[in-house]
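Below, each chain spelled out in residue letters.
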Amino acid sequence: MTQEDDGLDSLVRKRVRALRVAQGWSLDELATRARLSPSSLSRIENGKRRLALDQLVTLARALDTSLDQLVETGTDDVIANPVIDGTHGLMRWPIKAEPGMTVVRQRITNPPPDKPDGMRAHPGREWLVVLSGTAVLLLGHRRFRVETNQAAEFPTMLPHAIGTAGGPCEILGIFDREARRGHNSSTKAPPATDRP
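The shown structure was predicted, so the numbers you read here are calculated from the model rather than taken from an experiment.

Visitor: Help me understand unusual backbone geometry, please; the structure alone is not making it clear to me.
Guide: Backbone phi values are negative for most residues with the exception of glycine, while trans is the configuration of most peptide bonds. Unlike most non-glycine residues, D64 shows phi in positive territory, near 60 degrees. Take D64: it is sitting in the loop between α4 (53–62) and α5 (67–71). At N149, a position not held by glycine, the phi torsion is positive, near 75 degrees. Within the secondary structure, N149 sits in the loop between β6 (142–146) and β7 (151–155).

As structure tokens, then:
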């Protein structure tokens, strides 16, 4: 066994214990869920029993995670720098764990559009949080005020637009692949919703 294998083995054992403790489960509770004896689970966590692939799969299921997440070691690229879109004044960060998802930071200075043709609809979901100021979210025929530190999540098949309520506001938005594609493919972008 190589030193790298030893490091992964130790990491997985610590991760199993940390996930169990985070759930508030005793050894007995996780052992029951994983169909292992409490003594076997204790030996696994303490490195006194060899880790077998079938046990890892069972433990991952019992801990409500995936085998990939249980054995993941990629921590080299923890810090991500934004990609600056100078045309629209946006900062974008891709989400590595979910390819296709994007985080966008945007300053909004215009009110929402007055006419329904200024609203967009496309497949996907969006989530946003207001970092400062007050945003106005138009969603179908409804109008929502989203204050600083409040969040909104909605399906983008509903016609939608966002603007500011009085003064500038700053938002952080998360777009799934379809929502981002919908914003990128829009040919006519209303001024208040010029986002990816």
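Visitor: Can you walk me through the pattern of salt bridges in this structure?
Guide: Note on pairing: side chains with opposite charge can pair once their charged atoms come close. In the structure shown here, the tally under the stated rule is 4 salt bridges. Salt-bridge contacts for R20 lead to E45; the nearest nitrogen and oxygen are separated by 2.7 Å. Of this pair, R20 sits in helix α1 (residues 3–23) while E45 sits in helix α3 (residues 38–45), placing them 25 residues apart in sequence. R20 gets classed as buried once you look at its relative accessible area, which sits at 8%. Notably, a salt bridge pairs R145 with E147, separated by 3.3 Å at the nearest N-O pair.

Visitor: Can you walk me through the nonpolar core in this structure?
Guide: Side chains of a nonpolar character, in soluble globular proteins, are inclined to be buried together. Core analysis: the biggest nonpolar cluster contains 16 residues, and V12, V16, L30, L41, L59 and L70 have the highest contact counts within it. Contributions of two or more residues to this core are made by α1, α2 (27–34), α3 and α4. For this core, the element with the highest residue contribution is α4, accounting for 4 residues. With residues up to four places along the chain from it excluded, the contact list for V16 reads L30, L41, E45, L59, L63 and L70. Membership of the second largest hydrophobic core comes to 12 residues, among which are L128, V130, A152 and F154.

Visitor: How do you make sense of the pairing of strand β4 (residues 125–132) when you look at a structure like this?
Guide: Look at any regular strand and the pattern is simple: side chains alternate between the two faces of the sheet. Taken together, the 5 bridges between β4 and β7 define a ladder with antiparallel strand orientation. Considered in β7, the bridge of L128 is made with A152. In terms of strand pairing, β4 meets strand β9 (residues 169–175) through 6 bridges, oriented antiparallel. Residue W127 lies in a different strand from β9, and its bridge partner there is I174.

Visitor: Before we go on, may I ask you to explain the packing of α2 against α3 in this structure?
Guide: Two measures define how a pair of helices packs: the angle their axes make with one another and the distance between the axes. Two elements in contact, α2 and α3, have axes whose closest approach is 8 Å; the angle formed by their N-to-C orientations is 105 degrees. By the angle class used here, α2 and α3 are roughly perpendicular. For the pair α2 and α3, the contacting residues are L27, D28, L30 and A31 in the first and P38, L41, S42 and E45 in the second. Split into classes, the residues belonging to the contact of α2 with α3 amount to 5 nonpolar, 1 polar and 2 charged.

The rules behind these values
- Residues numbered from 1 in each chain as written.
- Predicted model: local features only at pLDDT ≥ 70, side-chain atom pairs only at ≥ 80, totals over all residues.
- Heavy atoms only, no water.
- Helix = DSSP H or I, 4+ residues; strand = E, 2+ residues; numbered from the N terminus.
- Salt bridge = Lys/Arg side-chain N within 4 Å of Asp/Glu carboxyl O.
- Buried < 20%, exposed > 50% of the residue type's maximum accessible area, 1.4 Å probe, protein only.
- Core = buried A, V, L, I, M, F, W, Y, C linked by side-chain atoms within 4.5 Å.
- Contact = heavy atoms within 4.5 Å.
- Pairing = 2+ DSSP bridges.
- Axes fitted to C-alpha atoms, helices over the stretch in contact; angles between N-to-C directions.
- Parallel < 35°, antiparallel > 145°, perpendicular 65-115°, else oblique.
- Nonpolar A, V, L, I, M, F, W, Y, C, P; charged D, E, K, R; others polar.

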